[in-house]
Amino acid sequence: MDLFDVISNDIKEAMKAKDKVKLETLRNVKKFFLEAKTAPGANDTLTDDAALKIMQKLVKQGKDSASVYEAELAQVAVLEAYLPKQMSNEELEAALKEIIAEVGAAGPQDMGKVMGVATKKLAGKAEGRAISAKVKELLG
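Described in the following lines is the structure provided in the data block. Computed from a prediction, not measured in an experiment: that's the story for all the values here. (Residues numbered from 1 in each chain as written. Predicted model: local features only at pLDDT ≥ 70, side-chain atom pairs only at ≥ 80, totals over all residues. Heavy atoms only, no water.)

## Here's the deal with the overall build of the chain
As a reminder, the rule being used: Helix and strand assignments come from DSSP, with helices taken as H or I runs of at least 4 residues and strands as E runs of at least 2, each series counted from the N terminus. Here the radius of gyration uses the C-alpha set of atoms, whereas the globule reference equals 2.2 Å times the residue count to the power 0.38. The buried label goes to any residue with under 20% of its type's maximum accessible area, the exposed label to any with over 50%, and the partly exposed label to all in between, with areas taken from a 1.4 Å probe on protein chains only.
A tally of regular secondary structure across the chain gives 6 helices and 0 strands. Its C-alpha atoms give the chain a radius of gyration of 26 Å, clearly above 14 Å, the size a compact globule of 140 residues would have. Expressed along its principal axes, the backbone C-alpha trace of the chain runs to roughly 75 × 35 × 30 Å. When each of the 140 residues of the chain is scored for burial, the buried share is 25%.

Okay, structure coming up:
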């Protein structure tokens, strides 16, 4: 059985096992294999040597992408040192309850009023997504 067939069979097994990462990876490999098989002059064939070269290239690309991602995370850590300390969940909830009382919000229809004040008062201290989620929770 050639490598193309092994990958095809492993795709079926990954589907049965509901292994999403393996399934997505193998489908991507198979796509590259099919492109190589249908390339001009390939005569609808793919040798195991050619398949291995494709897989080695994909591994190298993946490792390169991972190293770029790690470098970006390191840069984020440096930048975070300059930002104000983020509020804890409890601090955020207390601040939002205060703002809700201040603007007189009574329900989900007042979310816009609360968010307008909250994003100004809590700028840099909490992420917008966290503020929004907590306001929805408190008003809902």
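## Brief notes about unusual backbone geometry
In the Ramachandran plot, lysine 18 falls in the positive-phi region, its phi being about 55° despite a non-glycine side chain. With respect to the helices and strands, lysine 18 occurs in the loop between helix H1 (3–17) and helix H2 (20–37). If you check the backbone angles, asparagine 43 has positive phi at about 55° while not being a glycine. Counting through the fold element by element, asparagine 43 comes out in the loop between H2 and helix H3 (48–80). Owing to a relative accessible area of 65%, asparagine 43 belongs among the exposed residues under this scheme.

## Notes on the packing of helix H5 (residues 111–121) against helix H6 (residues 128–139)
As a reminder, the rule being used: All axes are obtained by fitting lines to C-alpha atoms, using only the stretch in contact for helices, and the reported angles, taken between N-to-C directions, cover 0 to 180 degrees. Here the word oblique covers every angle except those under 35 degrees (roughly parallel), over 145 (roughly antiparallel) and from 65 to 115 (roughly perpendicular). In this scheme the crossing of two helices becomes right-handed for a clockwise turn of the near helix relative to the far one and left-handed for an anticlockwise turn of less than a right angle. In what follows, residue pairs with any heavy atoms lying within 4.5 Å of each other are defined as contacts.
In the contact formed by H5 and H6, the axes pass within 10 Å of each other and the chain directions differ by 140°. In terms of axis orientation, H5 runs oblique to H6. Note on packing geometry: the crossing formed by H5 with H6 is right-handed. Facing Met111, Val114, Met115 and Ala118 of H5, the residues of H6 in contact are Gly128, Ile131, Ser132, Val135, Lys136 and Leu139.

## Brief notes about the pattern of salt bridges
Here is the rule: We count a salt bridge whenever a side-chain nitrogen from Lys or Arg sits within 4 Å of a carboxyl oxygen from Asp or Glu.
For the structure on display, the rule yields 8 salt bridges. Linking glutamate 93 and lysine 97 is a salt bridge whose minimum nitrogen-to-oxygen distance equals 3.2 Å. Of this pair, glutamate 93 and lysine 97 are both found in helix H4 (residues 89–103), 4 residues apart, which corresponds to roughly one turn of the helix. In this structure, the salt-bridge partner of lysine 134 is glutamate 93, at a minimum N-O distance of 3.4 Å. Placement of the pair is lysine 134 in helix H6 and glutamate 93 in helix H4, with a sequence separation of 41 residues. A single network of salt bridges, built from pairs that share partners, joins Glu93, Lys97, Lys134 and Glu137.

## A short note on H3
As a reminder, the rule being used: Helix span is expected to be 1.5 Å times the residue number reduced by one.
A rise of 1.5 Å per residue sets the reference length of H3, with its 33 residues, at 48 Å; its end C-alpha atoms lie 47 Å apart and thus fit the reference within 8%. Listed as buried for H3 are Ala51, Ile54 and Leu58. Looking at the buried positions of H3, the neighbouring elements they touch are H1 and H2.

## Section: the nonpolar core
Rules: Note on terminology: a nonpolar core comprises buried Ala, Val, Leu, Ile, Met, Phe, Trp, Tyr and Cys residues joined through side-chain atoms within 4.5 Å.
Core analysis: the largest hydrophobic core is formed by 15 residues, its most contacted members being Leu96, Val114, Leu122, Ile131, Val135 and Leu139. At the level of secondary structure, the elements contributing two or more residues to this core comprise H4, H5 and H6. In terms of residue count, H4 provides more of this core than any other element does, 5 residues in total. In this view, isoleucine 131 contacts Leu92, Leu96, Met115, Ala118, Leu122 and Ala126; residues no more than four positions away in its chain are not counted. With 13 residues, the next largest nonpolar core counts Ile7, Leu26, Phe33 and Leu46 among its residues.

Nothing here speaks to function; it is geometry throughout.
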